[in-house]
Amino acid sequence: MTLKTYLLLITLLFQFALAKAQTSAYDFVVAQDGSGDFRSVQEAVHAVPDFRKNTTTIFIKNGVYKEKLVLPTSKTMVKLVGEDVQHTILTYDDYASKKNRFGEEMGTTGSTSFFVFGDDFSAENITFENSAGPVGQAVAVRIDGDRVMFTNCRFLGNQDTLYPHGEKSRQYYKNCYIEGTTDFIFGWSTAVFDNCEIYSKKGGSYVTAASTVEGAPYGFVFLNCRLTGDAPKGSYYLGRPWRPHAKTVFINSYMGSHIKPEGWHNWSKPEAEQTAFYAEYNSKGPGAKAGKRVKWAHQLKKRQLDDYTLEKIFNGWIPGQPYVAASK
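Residues numbered from 1 in each chain as written. Predicted model: local features only at pLDDT ≥ 70, side-chain atom pairs only at ≥ 80, totals over all residues. Heavy atoms only, no water.

It is worth spelling out the overall build of the protein at this point. Counting its secondary structure elements, the protein contains four helices and 26 strands. For 328 residues, the compact-globule formula gives about 20 Å, and the C-alpha radius of gyration of the protein, at 21 Å, lands near that figure. The dimensions of the protein, computed from C-alpha atoms along their principal axes, are 75 × 50 × 50 Å. Buried residues in the protein amount to 49% of all 328 residues. A fraction of 66% describes how many contacts in the protein between residues 6 or more apart in sequence connect residues 24 or more apart. Distance from the positive charge centre (38 side chains) to the negative charge centre (33 side chains) of the protein: 4 Å. (Helix = DSSP H or I, 4+ residues; strand = E, 2+ residues; numbered from the N terminus. Rg over C-alpha atoms; globule rule 2.2 N^0.38 Å. Buried < 20%, exposed > 50% of the residue type's maximum accessible area, 1.4 Å probe, protein only. Contact = heavy atoms within 4.5 Å. Lys, Arg positive; Asp, Glu negative; His and termini not counted. Charge placed at Lys NZ, Arg CZ, Asp CG, Glu CD.)

Given below as structure tokens:
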């Protein structure tokens, strides 16, 4: 055996041992080639014991998994970890106007590629996609569970890509990439987007469409985000109120030239100007035109930033730390 062959063998053995050690740290492994516990993500989810009080971690090896996924309410404390965010892809291609087997349109919710109903769900290093293309509403992920966290994930789609749906759901997105066209971040939930890239594609017009419940102190909060895209200059609004009490705030965020100077739209509902809360603080970039924003939007004062800590926004939940519920 030559020295070169010997070194190659040692390297291969080391890589094998490292891969084995990595996967052994997880409860389940999903791999399309049969080298894991399951070949599909849904099979792994079904295997999680109902209402488990400890985290079940599922490692997903690289691959394009075309599955319409559901995380049921009974599957709590599930964590999905992808091998590589660019190459671990969970995708499906339903869309709102597509007909089901009975000839009925699926609708926006029915178009969803991944439904998250279970509490305390988290995911990292995964791409979530609706691959239907520019065919109207087509949701990549709809989230109803509470205390949900995504880290270093990508959300790909066009109209209605990401649907933070649960009215009492708290969601945290850290270092994520979210793309779409119209209303591609929309819904009722309290959601914080921390250091995320929000990419507006050609052919769209609104980044957000919050439908915050009346009386809820927070809706969508963007912290230190980057609003980028390939859309033409001045073609996108920051948001419009799907429901009258919509709340959306951008803090210390970069805004590309695709953002319209007026910033916000009332969705042809003048009365919503009195009830919606749209605000910014220290926006930067060519799309940051504080002096040209609509008169009914707000520019926050520095002292108001104390109201936008994670502790206050999430009211008792600290993302990334175990949640201890009151005993019954």
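Additional details are given in the paragraphs that follow.
Working definition: two side chains of opposite charge can pair if their charged atoms are close together. Evaluation of the coordinates by the stated rule reveals 14 salt bridges. Taking the shortest distance from any N to any O, the salt bridge between Asp144 and Arg142 comes out at 2.7 Å. With a shortest N-O distance of 3.5 Å, Asp194 and Lys174 are connected by a salt bridge. In this pair, Asp194 sits in strand β17 (residues 190–194) while Lys174 sits in strand β14 (residues 170–174), placing the two residues 20 residues apart along the sequence. (Salt bridge = Lys/Arg side-chain N within 4 Å of Asp/Glu carboxyl O.)

Right, let's talk about the packing of aromatic side chains for a bit. This structure, assessed with the given rule, holds 28 aromatic pairs. Ring centres of Phe114 and Phe128 lie 5.7 Å apart, and the angle between their planes is 20°; on these two criteria the pair is classed as stacked. Here Phe114 is found in strand β7 (residues 114–116), whereas its partner Phe128 is found in strand β9 (residues 127–130), with 14 residues between them in sequence. Considered together, Phe114 and Phe128 belong to a single accessibility category, that of buried residues. Here Phe128 and Phe150 contribute two aromatic rings whose centre-to-centre distance is 5.6 Å and whose plane-to-plane angle is 85°, an arrangement assigned as edge-to-face. You can see Phe128 sitting in strand β9 and its partner Phe150 sitting in strand β11 (residues 148–151), a full 22 residues away along the chain. Here the guanidinium or amino end of Lys66 rests over the ring plane of Tyr92, the centre of that ring lying 5.8 Å away. Its end group placed over the ring of Tyr163, Arg142 keeps NZ or CZ at 5.9 Å from the ring centre. (Phe/Tyr/Trp six-rings, centres within 6.5 Å; stacked < 30°, edge-to-face > 60°. Lys NZ or Arg CZ within 6 Å of the ring centre and 35° of its normal.)

Looking now at the sheet that holds strand β5 (residues 78–82). Spatially, β1-β2-β5-β8-β11-β14-β17-β20-β23-β25-β26 is the arrangement adopted by the eleven strands of the open sheet, whose pairing is parallel. The open sheet has two edge strands with one neighbour each: β1 (28–30) and β26 (298–299). Strand direction decides the pairing type here: strand β23 (residues 247–251) and strand β25 (residues 277–281), joined by five bridges, are parallel. Counted as the bridge partner of Thr248 is Tyr278 from β25. (Pairing = 2+ DSSP bridges.)

A separate point is the nonpolar core. Proteins that are soluble and globular tend to have nonpolar side chains buried together. Core analysis: the biggest nonpolar cluster contains 56 residues, and Phe150 and Phe193 have the highest contact counts within it. If sequence neighbours within four positions are ignored, Phe150 has contacts with Phe121, Ala123, Phe128, Val141, Ile143, Phe155, Tyr172, Tyr173, Lys174 and Cys176. With 15 residues, the next largest nonpolar core counts Val221, Tyr281, Tyr308 and Trp317 among its residues. (Core = buried A, V, L, I, M, F, W, Y, C linked by side-chain atoms within 4.5 Å.)

Relative to the helices and strands, Asp160 resides in the loop between β12 (154–156) and β13 (162–164). Salt bridges are absent for the buried Asp160, whose nearest opposite-charge side chain, Arg240, sits at 7.0 Å. In this structure Asp160 touches Thr108, Gln137, Ala138, Val139, Ala140, Thr182, Asp183, Phe184 and Phe186, once residues within four positions along its chain are discounted.

Further remarks concern the pairing of strand β18 (residues 197–200). The alternating pattern of β18 places Ile198 and Ser200 on a buried face, while none of Glu197 and Tyr199, on the opposite face, is buried. Inspection of the sheet shows strand β15 (residues 177–180) paired to β18 by four bridges, in the parallel sense. Within β18, the residue paired with Glu179 across the bridge is Tyr199. With four bridges connecting them, β18 and strand β21 (residues 226–229) associate as parallel partners. Pairing of Ile198 across the sheet is with Leu227, part of β21.

It is worth spelling out unusual backbone geometry at this point. For Asn175, which is not a glycine, the phi torsion comes out positive at approximately 55°. Mapped onto the fold, Asn175 is located in the loop between β14 and β15.

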